[in-house]
Amino acid sequence: MTALSCNVSNRAHGLCNEPEIWRNEGIPRDGFRNTVGMRCNKREGRRCFVLKASSSGYQKVEKINGRKVNGTYIERTYDRAQESNSWDGAPVHEFQLGRFVEGRFVYRQLFVIRSYEIGPDKTATMETLMNLLQETALNHVMSSGLAGDGFGATHEMSLRKLIWVVTRIHIQVEKYSSWGDVVEVNTWVDAAGKNGMRREWEIRDNKTQQIITRATSTWVVMNRETRRLSKMPEQVRQEVKPFYLNRAAIGEAVDDTAKIDKLSNDTAESIRSGLAPRWSDMDANQHVNNVKYIGWILESVPINVLEDYNLTSMTLEFRRECRQSNLLESLTHMEVIEAEETTNNGSKTKADFRSTHLIRMQRDKAEIVRARAEWRSKQKHK
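These numbers were taken from a predicted model, which means no experiment stands behind them.

Caption draft 1: Representation of the confidence of the model for the protein in the model. Residues of the protein with pLDDT of at least 70 account for 73%, and the chain-wide mean is 81. Ranking the elements of the protein by mean pLDDT puts strand β1 (residues 35-37) last, at 37, and strand β9 (residues 196-205) first, at 98. Below pLDDT 50 for its whole length, residues 77-87 participates in 19 contacts with residues either more than four positions away or in separate chains.

Okay, here's the thing in structure tokens:
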């Protein structure tokens, strides 16, 4: 991209005004000072924002949701006097950091759907949605002050060399957002038995406030050195308990809790072999990021299904870890759940499908992930 020169013509058309403003605000060329501001010229109709950051943004927390804790949290502040001049009234920091709502039980973050997060149909992919859920969950832990030195682990977990691992995720999608849409992700946690934690999510269209995605997941504790599952220590339970909210994003009646059948060479209609995890597929806990499995699952789905159908529901059950050295296979079985329909004008609409999937080791056929999904015809479900 050619650099813009501030010649006489450009100055006349106002193309060099912003550098002048930044110089007037005293912002150095090689960095930002703690408080950054932009003046607004009302005669020119410019929008502006104010973003304030400070090294003293970490504050001590004595109580959370009525329970005594020992932690810190990151204070999110912005200049309310300038809010009406920001992007449609939304503070800039909300697009970047998020905040607590409902008495600190729920963590909320806004995201813009980027061009690299959409698929061929110009809408967000299932992998994009899963990444947004994961990002919000991690920021929830960080902003609560519970984060230790692990990837989402609490202070007490870090002391005991423990990490969180997901055993199950179920997601339901009513509508996929388009490029440039702003979505609001809300997340909260609750207990799952004695040794697990349940994390819930809702994604809303920020403009209409319609809930377009719901998700639920179950997490357990694992020792990061032995790679064995562990009981949740009482100290960890007391850390996370103040954040527990007894609310489900998906009702029990519609949650996909049925057993997922194991596929084999005989029952699978499509098998894709030779799938190799890359270095970029690994997460901070040194195993394959759970979102990566979705891409491998779709490798064995027929191309006509990917083109003509929306993935409206997906359940993943994680059986074991996967490392970069493992070579994988993806198996898929498709079945009709709603037959073709003939419309009044005699044309036919496509059937809807349910699919069963398995990701396994190519060498010894050990299971890594079982999954089930539902596909709705784009022709019938727009």
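Let's pick the thread back up.
Caption draft 2: Region of interest: the side chain of Ser 300. Within the element layout of this structure, Ser 300 appears in the loop between α6 (292-298) and α7 (303-308). Not counting chain neighbours up to four residues away, the residues in contact with Ser 300 comprise Ser 270, Arg 272, Ser 330, Leu 331 and Thr 332.

Caption draft 3: A look at the packing of aromatic side chains. Per the counting criterion, the structure on display carries four aromatic pairs. Arranged with centres 5.6 Å apart and planes meeting at 75 degrees, the rings of Tyr 293 and Trp 296 form a pair that is edge-to-face. Of the two residues, Tyr 293 and Trp 296 both sit in helix α6, three residues apart, roughly one turn of that helix. When the centroid spacing of 5.4 Å and the interplanar angle of 70 degrees are considered together, the rings of Tyr 309 and Phe 353 count as edge-to-face. Linking Tyr 309 in strand β13 (residues 309-318) with Phe 353 in strand β17 (residues 352-361), this pair joins segments that are 44 residues apart in sequence. On the accessibility criterion, Tyr 309 (6% relative accessible area) is buried. Its relative accessible area of 18% is what places Phe 353 among the buried residues. Ring pairs connect the aromatic residues Tyr 293, Trp 296 and Phe 318, which therefore count as one cluster. The ring of Phe 100 carries Arg 104 above its face, with NZ or CZ at 4.2 Å from the centroid. A cation over a ring is seen here: Arg 247 above Trp 188, with NZ or CZ 5.3 Å from the ring centre.

So, how was this worked out
Residues numbered from 1 in each chain as written. Predicted model: local features only at pLDDT ≥ 70, side-chain atom pairs only at ≥ 80, totals over all residues. Heavy atoms only, no water. pLDDT = per-residue confidence, 0-100. Helix = DSSP H or I, 4+ residues; strand = E, 2+ residues; numbered from the N terminus. Contact = heavy atoms within 4.5 Å. Phe/Tyr/Trp six-rings, centres within 6.5 Å; stacked < 30°, edge-to-face > 60°. Buried < 20%, exposed > 50% of the residue type's maximum accessible area, 1.4 Å probe, protein only. Lys NZ or Arg CZ within 6 Å of the ring centre and 35° of its normal.

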